[in-house]
Amino acid sequence: MPREIALGGGVRVRMKWWLVLSLMMVACEADVEGEEGPVDGSAPRLEDVGTDAVVTLLDGAAPVDAARPRPSDSARPAVDAQPPAPEPEDIERHVEPSAPADAVERFAEGHPIPGCAVATWRYPEPETLFPRNIKGVAFQWDHAGQRLYRLRAAVDDLVIEWITAEDSVTPDAESMRRLGTRSSGAEVPVSLTLTTLLADGQMCEESVGPIQFDPARLIGAVYYWSTTDAGIMRLAAEDEAPEAFLNPQTAPQIFCPACHALSRDGRKIAFTWTTFPPFGEMAVSDVEDPTNVFYDRTGILGYFPSFAPDHNQIVGGAGGELVIRRVDTGEERERLPLMADTVAGSPDWSWQGERIAATIGPSGLENIIPDESINLGSIGQWHLQDGVWSMPEILVPQMGVGSNERPAYSPDGRWIAFNRTGADGNADSRGNRASELMIIGSDGGPAVPMSRANRGPALGNNWAKWSPPTGGRRQWLAFSSLRDYGHRLINDGDENPTPQIWITSVDPDTPPGGDPSSPSFWLPYQSIQSGNHIPYWAVFEKD
């Protein structure tokens, strides 16, 4: 059938189809022979490959014409674009609703550009270690115009990919389970590759991993204090939303329950029933009925308490001293000895029961309210010997204007994690950007910055709390941080940042002086609208 073509100037002629095809082939050959690449042999610039062109999508946000755009002279493949690499034989594909119906074909026909990089990866960090049963992980990158993206995860012969026109992908629980099972079982990482399809059919393919999964599972529940919700929230390992545990909605008779602690078996909770004065009266109750407290709290002080492993005793701060009380009555049993002219606070009772660690600092004007936070603090440790608590040994001495605070024992008793605040040592560690996570052996040795968990300076990492034993080799440590969560929560530059709960792993086989942590991950399903602190992790099984 004759075809009509335009010659320019408004002139149109009709030709046989075979003649049109012949002319097109001659034109293409001449065009390629005249193309010149970069004279210096460098990788093609983004402007050379037409990255500003618009990819037409079929998701309702694109132009009405949903047909695939034809390459123009300004957007044709560069001479150094490579042919598509052979695809793995068995790929599990997920095409997100934002992507066009022919998205798979578009990527199959795309041409990779060597050395090309256009996307900025935001979350998770490479080398992040996840529990094998994690879900709700949102992989995030910066979005640039209307482009298509393909995120591919591969471990051994398992390959799963997601195609989207958006700037994130949250795999379903089953996909994460399969990746976690394969990675943790073989102890091999999962490679992550993000491919950006440009308007002219060329592709930028970038490695953004790897990540890895550990055989240790995410278990129990994290009980954290939310400033926005004015109370304690609970987020169980299998839940997809936090529940209000103790706040004005669930317990209107309790004003601002805070400074909480869970017993090691997860059955009891202690918290401050906030009044002024005194600043915090300690109440204790069963987790199953938290508003039904065990005793009259009036005059019972116990700030940032910690349960003994027998769950019958509890230690807390009281006017700069550490007081041990009975759990069922609040009756005082004894007070831990202290050096002269010092105060102590934020105690933690070891899981084995024979040690207590706490912050020790100078008394006087430096620490007017020591139960809340201690400035110029050292980490001290008491030993129970023949039923008597010893004078504290100083594990981590205070230096300069900084402070060491909030110690927490690992379940096996080998480690103590704590905060170290920097130049802003007089600030409350909850809002001190200079706070970082540290770790030391409970028998002494060097105090080591948890650099991989901290990620960088001035991110306000604090309030470390350990997971109950998971049965795996590694242990999990939750903490609060002021870092950005990908592009979904930007704290950098914000005068009122929103702290969130993050989790790192700790490798017990790390040699002394080494950093046992891994890059941290955001606790899925917490609210990014609330400031979240004190992530007390406890045994919990939902009915």
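Relevant structure appears above.
Presented here is a report on the structure given in the accompanying data block.

## With respect to the overall build of the protein chain
Then, in step 1: Counting its regular elements, the protein chain contains four helices and 38 strands.
Then, in step 2: Residues classed as buried in the protein chain amount to 51% of the 543 residues present.
Then, in step 3: Considering only contacts within the protein chain whose residues lie at least 6 apart along the sequence, 59% involve residues at least 24 apart.
Then, in step 4: Only carbon and sulfur atoms are counted for the fraction: they give 52% of the accessible area of the protein chain, which is about 24300 Å².

## Some points on the sheet that holds strand 18 (residues 268-274)
Then, in step 1: Spatially, four strands are ordered 17-18-19-20 in an open sheet, and the strand pairing comes out antiparallel. Across the chains shown, the open sheet's two edge strands, defined by having one partner strand only, are strand 17 (258-262) and strand 20 (289-293). This sheet shows a mean twist of 35 degrees between the axes of neighbouring strands, independent of strand direction.
Then, in step 2: In this structure, strand 18 lies alongside strand 19 (residues 280-286), joined through seven bridges in antiparallel fashion. Directly across from Lys268, in strand 19, lies its bridge partner Asp286.

## Quick word on the packing of aromatic side chains
Then, in step 1: A full pass over the atoms with the stated rule returns 14 aromatic pairs.
Then, in step 2: Measuring from ring centre to ring centre gives 5.3 Å for Tyr223 and Phe245, while their planes differ by 85 degrees; the resulting arrangement is edge-to-face. Residue Tyr223 is located in strand 14 (residues 221-226), and its partner Phe245 is located in strand 16 (residues 243-246); the two are separated by 22 residues in the primary sequence. Across this residue pair, the class does not change: Tyr223 and Phe245 are buried.
Then, in step 3: An aromatic cluster is built from Trp121, Phe139, Trp141 and Tyr149, whose rings are joined through pairwise contacts.

## Here's the deal with the state of the cysteines
Then, in step 1: Summed over the entire model, instances satisfying the criterion amount to one disulfide.
Then, in step 2: Two residues share a disulfide in this structure: Cys116 and Cys204, whose sulfurs sit 1.6 Å from each other. Residue Cys116 is found in the loop between strand 4 (111-112) and strand 5 (121-123), and its partner Cys204 is found in strand 12 (residues 202-207); the two are separated by 88 residues along the sequence. The residues Cys116 and Cys204 share a single accessibility class, namely buried.
Then, in step 3: As a non-bridged cysteine, Cys256 has Cys259 as the owner of its nearest cysteine sulfur, 8.0 Å distant.
Then, in step 4: Its relative accessible area of 7% is what places Cys259 among the buried residues.

## Considering the pattern of salt bridges
Where charged atoms from two side chains of opposite charge approach closely, those side chains can pair.
Then, in step 1: On inspection of all chains with the given rule, the structure shows 25 salt bridges.
Then, in step 2: Note that Asp142 is salt-bridged to Arg122, the shortest N-O span being 2.6 Å. Of this pair, Asp142 sits in the loop between strand 7 (139-141) and strand 8 (148-155) while Arg122 sits in strand 5; the two residues are 20 residues apart in sequence, bridging distant segments of the chain.
Then, in step 3: Taken together, the shared-partner salt bridges in this structure form one network comprising Arg93, Arg150, Arg152, Glu161 and Glu205.

## Comments concerning unusual backbone geometry
Then, in step 1: In the segment running from Tyr123 into Pro124, the intervening peptide bond is cis, with an omega of -5 degrees.
Then, in step 2: Here Pro124 lies in the loop between strand 5 and strand 6 (129-131).
Then, in step 3: Across the junction of Gly209 and Pro210, the peptide omega takes the value 0 degrees, indicating a cis bond.
Then, in step 4: By secondary structure assignment, the location of Pro210 is in the loop between strand 12 and strand 13 (212-214).
Then, in step 5: Located in the positive-phi region is Asp386, a residue other than glycine, with phi close to 55 degrees.
Then, in step 6: Within the secondary structure, Asp386 is located in the loop between strand 27 (378-385) and strand 28 (388-389).
Then, in step 7: Since its relative accessible area comes to 83%, Asp386 is described here as exposed.

## What to know about helix 3 (residues 173-186)
Then, in step 1: Its 14 residues give helix 3 an end-to-end C-alpha distance of 20 Å, which sits within 8% of 20 Å, the value for a rise of 1.5 Å per residue.
Then, in step 2: Among all positions in helix 3, only Ser175, Met176, Leu179, Gly180, Ser183 and Ser184 are buried. Relative to the axis of helix 3, the buried residues are bounded by an arc of 140 degrees and lie together on one face.
Then, in step 3: Along its buried surface, helix 3 packs onto strand 3 (92-95), strand 7, strand 8, strand 9 (158-164) and strand 13.
Then, in step 4: Regarding helix 3, its N-cap is Asp172, as a side-chain oxygen of that residue lies 3.1 Å from the backbone nitrogen of Glu174 further along.

Conventions we followed
- Residues numbered from 1 in each chain as written.
- Predicted model: local features only at pLDDT ≥ 70, side-chain atom pairs only at ≥ 80, totals over all residues.
- Heavy atoms only, no water.
- Helix = DSSP H or I, 4+ residues; strand = E, 2+ residues; numbered from the N terminus.
- Buried < 20%, exposed > 50% of the residue type's maximum accessible area, 1.4 Å probe, protein only.
- Contact = heavy atoms within 4.5 Å.
- Areas by Shrake-Rupley, 256 points an atom, 1.4 Å probe, with all protein chains shown as cover.
- Pairing = 2+ DSSP bridges.
- Axes fitted to C-alpha atoms, helices over the stretch in contact; angles between N-to-C directions.
- Phe/Tyr/Trp six-rings, centres within 6.5 Å; stacked < 30°, edge-to-face > 60°.
- Disulfide = S-S within 2.5 Å.
- Salt bridge = Lys/Arg side-chain N within 4 Å of Asp/Glu carboxyl O.
- Expected span 1.5 Å × (residues − 1).
- Arc of directions from axis to C-beta.
- Polar contact = N/O pair within 3.5 Å; in protein donor to acceptor, adjacent residues only side chain to side chain.

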